Amino acid sequence: MNLALYGYGPADNREWIAIDCGVSFAGPEMPGVDLILPDTTFLESERHSLKALIITHAHEDHYGAVLDLWPRLKAPVYATPFTAALLAAKREGEPGAPKVPVTIFKAGDRFDVGPFSIEAINVTHSIPEPVALAIRTPLGTVLHTGDWKIDPTPGLGQPTDEARLREIGDEGVLALVCDSTNAMREGESPSEKQVSASLSEIIQAAKGRVAVTTFSSNVGRIRSIAQAAEIAGRQVLLMGRSMKRVADVASELGYLESLAPFVSEQDFGYIPREKAVIVLTGSQGEPRAALSKLSKDEHPAVALSRDDTVIFSSRSIPGNEKAINDIKNALIERGIIVIEDHDKLVHVSGHPRRSELRRMYEWTRPKIAVPAHGEPAHLVAHAQLAKDLGVPDVVSLRNGKMVRLAPGPAAIIDEVPVGRFYKDGFLIGGTKEMGIDERRRLAFAGHVSVLVELSAKLELDVDPEIVAMGIPEKDENGDEMVEILLDAAAGAVESIPRGRRKDVELVREAVRRAVRSEAHDAWGKKPSVTVFVVKG
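Basis of the calculations
Residues numbered from 1 in each chain as written. Predicted model: local features only at pLDDT ≥ 70, side-chain atom pairs only at ≥ 80, totals over all residues. Heavy atoms only, no water. 1 Å grid on protein atoms, 1.4 Å probe; cavity = no way out; pocket = protein on both sides within 12 Å on 5 of 7 lines; lining within 4 Å. Points joined across faces, edges and corners; volume = space filled by probe spheres on them. Nonpolar A, V, L, I, M, F, W, Y, C, P; charged D, E, K, R; others polar. Phe/Tyr/Trp six-rings, centres within 6.5 Å; stacked < 30°, edge-to-face > 60°. Helix = DSSP H or I, 4+ residues; strand = E, 2+ residues; numbered from the N terminus. Buried < 20%, exposed > 50% of the residue type's maximum accessible area, 1.4 Å probe, protein only. Lys NZ or Arg CZ within 6 Å of the ring centre and 35° of its normal. Axes fitted to C-alpha atoms, helices over the stretch in contact; angles between N-to-C directions. Parallel < 35°, antiparallel > 145°, perpendicular 65-115°, else oblique. Left-handed = near helix turned anticlockwise from the far one by under 90°. Contact = heavy atoms within 4.5 Å. Polar contact = N/O pair within 3.5 Å; in protein donor to acceptor, adjacent residues only side chain to side chain. Pairing = 2+ DSSP bridges.

### Some thoughts on the layout of surface pockets
Which parts of space are left empty comes out when a probe the size of a water molecule is rolled across the atoms.
Alright, step 1. Of the volumes computed, that of the second largest pocket is approximately 260 Å³.
Alright, step 2. Taken together, 18 residues make up the lining of the second largest pocket; nearest its centre are N122, E129, G157, Q158 and Y255.
Alright, step 3. Across the lining of the second largest pocket, the residue classes tally to 10 nonpolar, six polar and two charged.

### Focus on the packing of aromatic side chains
Alright, step 1. Within the structure shown, the criterion is met by four aromatic pairs.
Alright, step 2. Centroid distance Y78 to F111: 4.7 Å. Interplanar angle 5°. Geometry classified as stacked. On the criterion of sequence distance, the pair formed by Y78 in strand 5 (residues 77-79) and F111 in strand 7 (residues 110-113) is long-range, its members being 33 residues apart. Here Y78 matches F111 in class, with each residue buried.
Alright, step 3. Here the guanidinium or amino end of K328 rests over the ring plane of F312, the centre of that ring lying 5.0 Å away.
Alright, step 4. For the cation-ring pair, K525 lies above F444, with the distance from its terminal atom to the ring centre recorded as 4.2 Å.

### Focus on the packing of helix 12 (residues 354-364) against helix 13 (residues 376-388)
Alright, step 1. Viewed as axis vectors pointing N to C, helix 12 and helix 13 meet at an angle of 45°, and their least axial separation amounts to 11 Å. One finds that helix 12 runs oblique with respect to helix 13. In this structure, helix 12 meets helix 13 at a crossing whose hand is right-handed. Facing helix 12, whose interface residues are R354, L357, R358 and Y361, helix 13 presents A381, H382, L385 and A386.
Alright, step 2. For the contact of helix 12 with helix 13, the class distribution of residues is five nonpolar, one polar and two charged.

### What about the environment of R166?
Alright, step 1. Mapped onto the fold, R166 is located in helix 5 (residues 162-171).
Alright, step 2. Put simply, R166 and E362 are 196 residues apart on the chain and 8.4 Å apart in space, counted from C-alpha to C-alpha.
Alright, step 3. Apart from the residues lying within four places of it in its own chain, the contact partners of R166 are E362, W363 and R365.
Alright, step 4. Separated by 3.5 Å, the side chains of R166 and E362 make a polar contact.

### Quick word on the pairing of strand 4 (residues 50-54)
Alright, step 1. Burial analysis of strand 4 places four of its five residues in the buried class, which makes it a mostly covered element.
Alright, step 2. By the bridge criterion, four bridges tie strand 2 (residues 15-19) to strand 4 in an arrangement that is parallel. Residue pairing for strand 4: A18 is matched across the bridge by L53.
Alright, step 3. Across two bridges, strand 4 lies against strand 5 in parallel orientation. Bridge pairing links L53 to V77 in strand 5.

Right under this line is the structure:
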């Protein structure tokens, strides 16, 4: 979930640019939450000085929050043609999404934004048109790599522009803000060309249908699979809304030229099993994605059967392992062959390993290293690597920390508000606004509603009414839980002297505490309890 800020000028007159604006995805610990967005509270307070939002590439963790957060920022947006087209296509699929004005740039272009002069540099990644950014200021040049790797034979586009990076290094680089995702892995990442060859071998050797699940944004991988299918005499079906959306944009921009037309779901049933390939979403175990439906045999038009092959041409994003394993197990139970990256070369990361990082530092020779984009273990490993390479100054940065790069030595000088916004349906807000904590409690221990009716004489003439949701039916002795809680509610009312029952709040809180306590004694958990008191 990337959002980086670069500021130039004194604290009382500072101008900013933002680089990327991405999302993360909610796990089971956040029931009902659709997306996690960066908290832009600080940036909104500086909106008058925000000169631009520049997007390095169109992966969700780099551009996925633009439509939701742009109305809060209203800054000019800069993006490559593929990113801009994908953003426009995404907007069409989201009713009410704002029309974001976008200025198009390409690798090699230079443009000025406030006090910053920006140069886009071609890099290789697992999506079309990724760029690194050379951010020039009167106090020096910062190189923001974005996501990158070194691949001499990428699936699409040109290799990372070593010559230009060396030239910028010769000019002098104040700071390198660099991807850390694979900083714990030695060597170099395999090439996309090797993955393409391996997928081709698997598809040609397969007996039945072949389904390949990958990130929908990996247009080079989609193209490789389609080419392998054509060589094997097979036809290709695309499944999943995001997969089709990316393919449409890629086709319009010429990235899928010379490929045979994709078949429709309606025609897929007429293709012999040994002539079919499916490219589909769901590599992260998403419950509503195409692969999840096929694993349960719940799709109305497309099916997999025994001895078909499913290839996971992707990596598991941390936190998604259980959902992915559930799908794999469902497929295996049905006799479907599952191939992962530890079985054969079916996926390669779009991020640099340690040897590639060493080369980047050799090319650019920065005075300051700022490891970015990774979990703490990756950031620490990257920082140590930079120190070992002799970088004069290495800054260990974390969310919310503000580092001064110049003038003077690099140092953390401030901390600004950071956190998370949550998108839930049509609404966006923080933890309290969206009721996230209460929702977790409800998911953990259920909810009990209690209605207490007091007569005109403040007597309990009828038993309290209880509606319980998400709690056990009986305790370990076989007694009805609702009856146990009802007795606790009635006992709480009767324990209050009649004269004090005029205080509705007192009655409500006594009943709430009694019901929660009794539930804990009988069950070991305390549900959320809501009490309504009505006086006759």
